[in-house]
Amino acid sequence: MRYDLRDRTILITGAARGIGAALARAAAARGARVALVGLEPALLREVAREVNGHWYECDVTDQAGLDDAVTSTVQRYGGIDVVVANAGIANLGTVSTGPVDALVRTIDVNLSGVIRTVSAALPHVLAARGHVLMVSSAAAFAAMPGMAAYCASKAGVEQFGNVLRLENRRGGLTVGTAHPIWIDTDLVRDIRADFPSFRDAQRRLPWPLSSVISVERCAEAFLRGIERRRRKVYVPRSIALVQALRPVVLSGLSDALITRFGGGELAEQMAAEVRRSGRAFGRTSVGDGRS
């Protein structure tokens, strides 16, 4: 049975731009009440104005701030039916050359931020017998040089969602994880524009791992997943093949192929480009929980 979003309250993190903002607009078009959480107040205010929604400035690694954001949303709308833990970042560079703080910050936002967001909203979503959607990635199923912390964090999100689902099977709550590939967000555009090695690495990936999807298409896929209370949302749907073939994708054979086709050289090139840039994050994703 379709889970009708009309007059339901959806709380979205990472909602100032990118996937989060597109999801807010698409949800509001379906008649949902939208609460936006993020770190860029001017952008949050503008999106909230567009969707007649509620917004709260908060870092997803700040539990007290998230608790306040949830309380503020409940006071405004009377409850929370759906939470979308979307905020995410990606550090630049390899493990051996990048600053450790950037690696840890990526884990903190992408994994700890999801755990904190879900924990803050869960009592209300449970009471509503609603839905939790956690944004993982196709990176949970594959490995790419220069994305160690990102891949690790997204794999962690998938497993957190799997266990949360099992823990609440009898409570009426449904839990899904979303696994998009490259989405045309500011984060991805920044890295593609500034680092030729990233563009080259993406170009060499096999289909469907090389696909680039618009934020609007991604948001629609997320909403369809919520409306159908799906366990998994793949963007595009062909990413399901990557999960099914994960033992092969992460095998020694795959390692050998990546090395043969220049994976080591690309990692070295990436490290050099990141050192020259003097930055550990993209221009519009500076390690502060944006997506």
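Here the structure is shown first, and the text comes after it.
This report concerns the structure included in the present document. Since the structure is predicted, the reported quantities are computational estimates derived from the model, not experimental observations. (Residues numbered from 1 in each chain as written. Predicted model: local features only at pLDDT ≥ 70, side-chain atom pairs only at ≥ 80, totals over all residues. Heavy atoms only, no water.)

## Some details on the overall build of the protein chain
Step number 1: Per the secondary structure count, the protein chain includes 12 helices and 9 strands.
Step number 2: Its C-alpha atoms give the protein chain a radius of gyration of 18 Å, within 12% of the compact-globule value 19 Å for 291 residues.
Step number 3: Each of the three principal axes of the protein chain carries a C-alpha extent, and together these read 55 × 40 × 30 Å.
Step number 4: When each of the 291 residues of the protein chain is scored for burial, the buried share is 57%.
Step number 5: Within the protein chain, counting contacts between residues at least 6 apart in sequence, those at least 24 apart form 73% of the total.
Step number 6: Side-chain charges in the protein chain split into 37 positive and 28 negative, and the spacing between the mean points of these groups amounts to 7 Å. (Helix = DSSP H or I, 4+ residues; strand = E, 2+ residues; numbered from the N terminus. Rg over C-alpha atoms; globule rule 2.2 N^0.38 Å. Buried < 20%, exposed > 50% of the residue type's maximum accessible area, 1.4 Å probe, protein only. Contact = heavy atoms within 4.5 Å. Lys, Arg positive; Asp, Glu negative; His and termini not counted. Charge placed at Lys NZ, Arg CZ, Asp CG, Glu CD.)

## As for the packing of aromatic side chains
Step number 1: Evaluation of the coordinates by the stated rule reveals 1 aromatic pair.
Step number 2: With 6.5 Å between their ring centres and 55° between their planes, Phe141 and Tyr234 make a pair best called tilted. Taken together, the positions of Phe141 in the loop between strand S5 (131-135) and helix H5 (148-167) and Tyr234 in strand S9 (residues 232-235) put the pair 93 residues apart, joining distant regions of the chain.
Step number 3: Geometry around Tyr3 places Arg229 over its ring, the cationic atom sitting 4.1 Å from the centre. (Phe/Tyr/Trp six-rings, centres within 6.5 Å; stacked < 30°, edge-to-face > 60°. Lys NZ or Arg CZ within 6 Å of the ring centre and 35° of its normal.)

## What about the packing of helix H4 (residues 100-127) against H5?
Step number 1: Interhelical geometry of H4 versus H5 gives an angle of 20° and a closest axis separation of 8 Å. Between H4 and H5, the interaxial angle falls into the category roughly parallel. Helix-helix and strand crossings are classified by hand; for H4 and H5 the assignment is right-handed. When H4 is examined against H5, the residues Leu103, Thr106, Ile107, Asn110, Leu111, Val114, Ile115, Val118 and Leu122 are found in contact with a partner set consisting of Ala149, Tyr150, Ala152, Ser153, Lys154, Gly156, Val157, Phe160 and Leu164.
Step number 2: Its residues assigned to classes, the contact of H4 with H5 shows 13 nonpolar, 4 polar and 1 charged. (Axes fitted to C-alpha atoms, helices over the stretch in contact; angles between N-to-C directions. Parallel < 35°, antiparallel > 145°, perpendicular 65-115°, else oblique. Left-handed = near helix turned anticlockwise from the far one by under 90°. Nonpolar A, V, L, I, M, F, W, Y, C, P; charged D, E, K, R; others polar.)

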